Every structure is written in C-alpha cells, then in structure tokens.
Amino acid sequence: MSSDENASGHSKRALNILEGGFADILHSIPDAVVSINEDQKIIFFNSGAEGVFGYRSEEILGKPIDLLVPKHLHLSHRRQVRDFVEAAEPPRYKHARGGIFGVRKGGELFPAEASISTVEVNGQPVVTAVVRDVSKQKEDEATLRTHSVAMDRAGEAILITDRDGVIEYVNQAFTNITGYSAEEVIGKNPSLLKSSAQDPAFYKELWETITAGDIWSGTLIDRRKDGSFYPSKLSISPILNEEGYITHYVSVQMDMTEHKKLEDQFLHAQKMESIGTLVGGIAHDFNNMLTGILGNAYLTKKSLDNSAEIVERMDDIEKLGFHSADMIRQLLTFARKEVVETVPVAIVPFVKEAIKLAKTGVPESVTLHSDICSDELYVRANTTQLQQIMMNLVTNAYHAVEGVKKPKITVSLDRVTCTEEHQDLLEKQCIKLSVRDNGQGIAAEHMDKIFEPFFTTKEVTSGTGLGLAMVYGAVKSHDGHVEAESAGLGQGATFSIYLPLTEMNLFQEDREAENPLDGLGRSVLLVDDGEEVLETNRELLENFNFRVLTATNGEEAIEAFKVNLNQIDLVITDVVMPIMSGIEAAKEIRKLDRHIPILFLTGYDESYAMGRETLPEHSMLITKPFSMKRLGQGIHSLLE
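Computed from a prediction, not measured in an experiment: that's the story for all the values here.

Right, let's talk about the packing of helix α16 (residues 554-563) against helix α17 (residues 582-592) for a bit. At their nearest, the axes of α16 and α17 sit 9 Å apart, and the two run at 15 degrees to each other. Relative to α17, the element α16 lies roughly parallel. Viewed along their axes, α16 and α17 form a crossing whose handedness is right-handed. Along the contact surface, α16 presents G554, A557, I558, F561 and K562, while α17 presents A585, E588, I589 and L592. Its residues assigned to classes, the contact of α16 with α17 shows 6 nonpolar, 1 polar and 2 charged.

Okay, here's the thing in structure tokens:
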C-alpha cells in the first residue's frame, strides 16, 4: 500500500469519526465548521460552511484549504497551520482565536473570526476551524463609528440620558456651548442647565410629553457653567426598545445666541425703516408749510418801512423756521433718506478743530482730554454732518458726566483694521473716532434703544432725543459703523464710529453766485399742488422782477407751456404732485423745448422724490424750505 493511499485512508477514517454521532450537531451550527488533514486538504465542510463560503460540500471536499484563504496569505497560512500541528508541548489539543479574512467561491474577501483546534484521530492530526462571517458586524461597527464621529462633531449639542434622566453621553458641541466637560455631567441630571427663565410648569409639560413617547421641541433659556444665560432651541426624542418601552432620551440643542442677535438686528432695521417712511411723509408736508412761512416772512420784511422791531421779529421767525427744517433734516439723515454730498476730509486736523469748538460748550469743571494720532488720514465725508456727529457725541458725554466727581471726557482718534465684528467694513482700513466719558453709563435694557429717535433718559426739557439718532443715521450714510459700550449704570460709556479711509484728493469748493437776483421781466412757469406755497412763491418771484404763470399739476403745466410756447424762460416745478408728477411733466415739456431750464422743488428728501430717475440735463433740484439766497442762486445758475 502506497503512502498516498495510507494518508487517504487515515483521512476517511478521520472524517468518519468526525461525522459519526456528531454530524447533525455540526451541520446545525450556523457558523462554518471546516476540518483539514495533515496535507491541509479539506475533509469536513458543514452546512454553515456552505452558506459562508458558497461551495457545496461535494465540490470542496478533498480540495486544498488554500481555496478558502486569500492568495497573499497562502504561504503564511500553511506555515501557521504546520507550526500549530507540530507544536511539541502536550496536550495535542489546541485552541486559537483571532481576526482573519476568508474567500468566497466568487473570489470575494470577507472579514471573519475563527476558533482553531487540533486533535489526533487514529494517530493522524486533524485541524478544525469554526469560522464566523462578521461582515455585517463590521459594517454595523463602521456605521456606529461614523455616527459616533458625526455626533461628536455636530454643531448642535447632543445629550443622551437613560429613562430616568441620568446623562450617559454628551458630544463636544455640548461642552463648547455649556462649558461642562463630559466627565462633569455624565451620571448627573440635565437640570444643572436650568435657568430661572422658565417656571416649573414649563418643565412639567416637557416631561409629560416625552414620557408619553412623543417628541418635544421648543425654545428656552439655559445656563452655562459660568452662570451666563443663552437662548436655545431644543428637541427631545424618546428611544424605544423592541417591546415599545422607553429606554433612553436623546436631546439636540442649538445655541440661538447669534440667531437671536441677527433677529434683533433685523427687527431693529425694520423699525428704523418704518420710522424712516413715517419721517419722509412728515417731512413733505412740514417742509411745504415751512416754505410758505419763510416766504411770507421774507415778503413781510421787504414791505416794512424802517420798523426795526418788526423786522427783528420776522428775523426770529425765519431763524425758527430754518431751525425746524434742520430738525427734519436730522430725522431724514437718521433714516438715511437724505443724499449727502461728500468730499475728502483730512480727519486729524478736522477733529482737532472740532474739539476746540466743542470746548466752548463744555464747562471748565469738565476735563476734555484728546488722544489723536499723528497720521495723515483722509475720509470721504460731509463736513457739516461730521461736525454735527462730533458735537452730538461730546454734548451727549457732557450730559452723562453731570453730577459726577472729577468728570472727564476723552476724544481719541486711531487708524484700525476692522474685524469680523464690523462685517460691512471687514478687513478695511478705517479711522476709529471714540468719545469716552466716566459718567452715569447706560443700563443694559437701554443699549438697544439709544440710537432710536426721541428715546432719551433725560428730563423732558433736557433734550429732543435726536442727537444719537442723528449720529446713527449720519454714520450709516457715510458707509460707516457706530457702536456704544458701557459696563452698566455708573460705569461710564464709550461711543465709537468707524469710517473707511480714502486717498487724498485735492478739491475746491464751488462758490455759489453771490449776485443779487433780478428777473429782468423774464417769464417763469411755476407749478405746485399746494395752493399756499404756490401763491407765496409767485409773490417771491414777482418780487424778483419775474413774470409768473402758474399751474397746480403736471397736466396744467404742459397745457400752459404749449399756449405760451417760446415765451417762457424757466420752469419751476414741485416734484411730487397728483395727476402728473413734475418729472413726468418736465419730460413732456422738454419734447416741446429741449433747452428750457427746469428748477425742481421738493418737500421730500431727494432720494425719495427722484426715485430711480436722474435729473435731466440743464436742471437743478432744491429741497424745501429754502432761503431766498439759495433760490436766487439756483435760478441765476440755470438762466446764466
């Protein structure tokens, strides 16, 4: 008998022994059970192995075990099996367990776990491996690992408790938002985040909802580890087991601090826009009335004969009228409804001169200190508004230090690079002009109202509440940023404005015509829907030696122009009128005479009055109320 036949006989006897009495048990095991002889050929292959590897028992028996092992591991696998079998120390029964890879019939590799043992059957070693396919387990582990990483890196705080509310897991965002580390909260109750902002009934309703198996969601105020409060949006979901019982709760919390800040800014912007719309409407009617008052005041003065007392009173009426007009302009500036002309301004000498002027209005008992940089800096600004900003901020600071021991106001000017706090100016080079005082400070509940028009904490007779509103509007109209800081009542306050720097640009101011106006009998078509304004302006123009034709709307103006074609030297028209606006009428009139000069008047701010229209060539826009000098200069410029 040959050695091969001898080995084959031993294998058959081993296989008979393996199957004898244990076949049903081995075939009922869901894991793969594979036995090999000393030649590393398969002598047993149970039903579980057929399912795992994809081979039928009859097509794999007697074949090398290499068929079930990845190619790159063939040599090392044979060596390991041989070493395992030939190990010298008794007993000849061994067990090994470790992570391996198997190969299915189609060549697919899969992760597996194996328990390996060896026994002698009739003096011949038989190695048996119990192999478990762990593909699904590995996939589940990978999915779990992905979910775990995703939860830990999520931007929202995730917290998991058991059914009694004891914390079992928190992610990194929870730590970032609350300030508590995982070690500090695991094993504790989420109540450590409670603030006094919600009453017990709130939490009772929350607990009743989730214990009933429903999801709760809402907003609340929670408390960080450092004691500070933060708004949050929270959802809590119960986790049920296969029997439908709640085992855990998972909560997802979003820090709403930035969202709340943006929401407040949006609401503030809406409120400012509403106020601006209201102001624009008031300005039109009020400016029309002032135009009539000032025009009549001028005509009355002209008709008086050396009555000094009455002339003085009329002068006072004019001053009060223009002061009222200035107040409307401040409101329009606050609402950013007025277009301002800007020029390059050397800001360092400008601020120094403004401080000198401001000192005249501040008592000597108040220390007015300045800290001005020496750089040559230019901003593009309207000098009148810039001066008004300075005066309003210093005046506001002066009122704040009244009654304070050793009152002090500090004005500082620096070059800065704006940060993310000032998004519109991000990374831009700017000037930072600050006015700091050691006065009464600003209460926290007033911080979001201080730039609103007519808001004031002063006595009724101590201010209009327009000063800081004007500052806000003026700075915004210069594409700048304004902010206020105060640690609270009694801690003083600092107001800072940021304006973008510009390149130096030499310029010259236009000199307005100073010559007295004489109409020389020329004809003017005057158009206005306000009867009183129309009559007053007619008298003014006649006083300047003009012949005046009148119309109360755009359609009347066109008809009057047609009738008097080639006889009218100038058209003066209101912009906003019923039936047909001054702009539309001007377009039709220019079709009849494309060279006719046109002077537009408006009681609205310029941007609202013109809308998307641009001024036609050889025309001018003047806002009401206007001085006689300004009216005369406008007419003179157009006619000459």
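Read across the sheet, 5 strands follow the order β7-β6-β10-β9-β8 without closing on themselves; strand pairing throughout is antiparallel. Looking at which strands have only one partner, the edges of the open sheet turn out to be β7 (167-170) and β8 (216-223). Neighbour-to-neighbour, the strand axes of this sheet turn through a mean angle of 25 degrees, independent of strand direction. Examined bridge by bridge, strand β6 (residues 157-162) and β7 share 3 bridges and lie antiparallel to one another. Across the sheet, T161 pairs through a bridge with I167, a residue of β7. The strands that helix α9 (residues 200-211) touches are β8, β9 (229-240) and β10 (246-255); relative to β8, the one it contacts most, it runs at about 140 degrees.

Counting 44 residues, the largest nonpolar core has I347, V351, V411 and F495 as its most contacted members. Ranked by the residues each element gives to this core, the list is headed by helix α12 (residues 347-359), at 7 residues. The residues contacting V411, other than those within four sequence positions of it, are V351, I355, L368, H369, S370, D371, I372, M390, V394, L433, S434 and V435. In this structure, F546, I572, I622 and L638 belong to the second largest nonpolar core, which totals 23 residues.

What follows is about the pairing of strand β17 (residues 493-500). Across the 8 residues of β17, 7 count as buried, placing the element largely inside the fold. Sheet topology places strand β15 (residues 429-437) next to β17; 8 bridges connect them, and they run antiparallel. Note that in β17 the partner of K432 across the bridge is Y498. Where strand β16 (residues 481-485) and β17 come together, 5 bridges link them in antiparallel fashion. The residue bridging V482 from the neighbouring strand is I497, located in β17.

Conventions used here
- Residues numbered from 1 in each chain as written.
- Predicted model: local features only at pLDDT ≥ 70, side-chain atom pairs only at ≥ 80, totals over all residues.
- Heavy atoms only, no water.
- Axes fitted to C-alpha atoms, helices over the stretch in contact; angles between N-to-C directions.
- Helix = DSSP H or I, 4+ residues; strand = E, 2+ residues; numbered from the N terminus.
- Parallel < 35°, antiparallel > 145°, perpendicular 65-115°, else oblique.
- Left-handed = near helix turned anticlockwise from the far one by under 90°.
- Contact = heavy atoms within 4.5 Å.
- Nonpolar A, V, L, I, M, F, W, Y, C, P; charged D, E, K, R; others polar.
- Pairing = 2+ DSSP bridges.
- Core = buried A, V, L, I, M, F, W, Y, C linked by side-chain atoms within 4.5 Å.
- Buried < 20%, exposed > 50% of the residue type's maximum accessible area, 1.4 Å probe, protein only.

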